[in-house]
Amino acid sequence: IETVRLLLKKKVRSVNKFSAIFKKMDKDGNGALSKEEFARLVLLAVKGNKELVDCLNVYFEALWVEVCRKCIKKSGGDEVEVELETAASWLF
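Just so it is clear, the model here is predicted, and its values are computed rather than measured. (Residues numbered from 1 in each chain as written. Predicted model: local features only at pLDDT ≥ 70, side-chain atom pairs only at ≥ 80, totals over all residues. Heavy atoms only, no water.)

*Asks:* Give a description of the overall build of the protein chain that names residues and reports values.
*Replies:* The secondary structure content of the protein chain amounts to five helices and three strands. Counted from the first residue to the last, the protein chain has its helices and strands arranged as α-α-β-α-α-β-β-α. At 13 Å, the protein chain has a C-alpha radius of gyration in line with the 12 Å of a compact globule built from 92 residues. By its C-alpha atoms, the protein chain is 40 × 30 × 20 Å across when sized along the principal axes. (Helix = DSSP H or I, 4+ residues; strand = E, 2+ residues; numbered from the N terminus. Rg over C-alpha atoms; globule rule 2.2 N^0.38 Å.)

*Asks:* Would you mind going over the environment of Glu-37 in detail, with residue names and values included?
*Replies:* Secondary-structure assignment places Glu-37 in helix H3 (residues 35–46). Glu-37 gets classed as buried once you look at its relative accessible area, which sits at 7%. Separated by 44 residues in the primary sequence, Glu-37 and Glu-81 place their C-alpha atoms 9.3 Å from one another. When neighbours within four sequence positions are excluded, Glu-37 is seen to be in contact with Met-25, Lys-27 and Ala-32. Of note is the side chain of Glu-37, whose polar atom sits 2.9 Å from the backbone nitrogen of Ser-34. (Buried < 20%, exposed > 50% of the residue type's maximum accessible area, 1.4 Å probe, protein only. Contact = heavy atoms within 4.5 Å. Polar contact = N/O pair within 3.5 Å; in protein donor to acceptor, adjacent residues only side chain to side chain.)

Function cannot be read off these values alone, since they describe shape.
Structure, rendered in structure tokens:
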């Protein structure tokens, strides 16, 4: 999990760039990413590193739990989403 975080941080390099990427991934425009959207974001970061991609497939649930310690729940359902501020505080 820490390896994925460090790789993502190395690729993104700044909160401003991370915010821009996050907002592009946020198709609903609600300021939060679903589990699937966040998985795509992380997979883009580790793209090209087969070992990390394989590891991520196995440990994504643990990564999701680590990131979502202070997440919001989507209104009317049980789907958890991660907000930009929460994801940025985890990353940086």
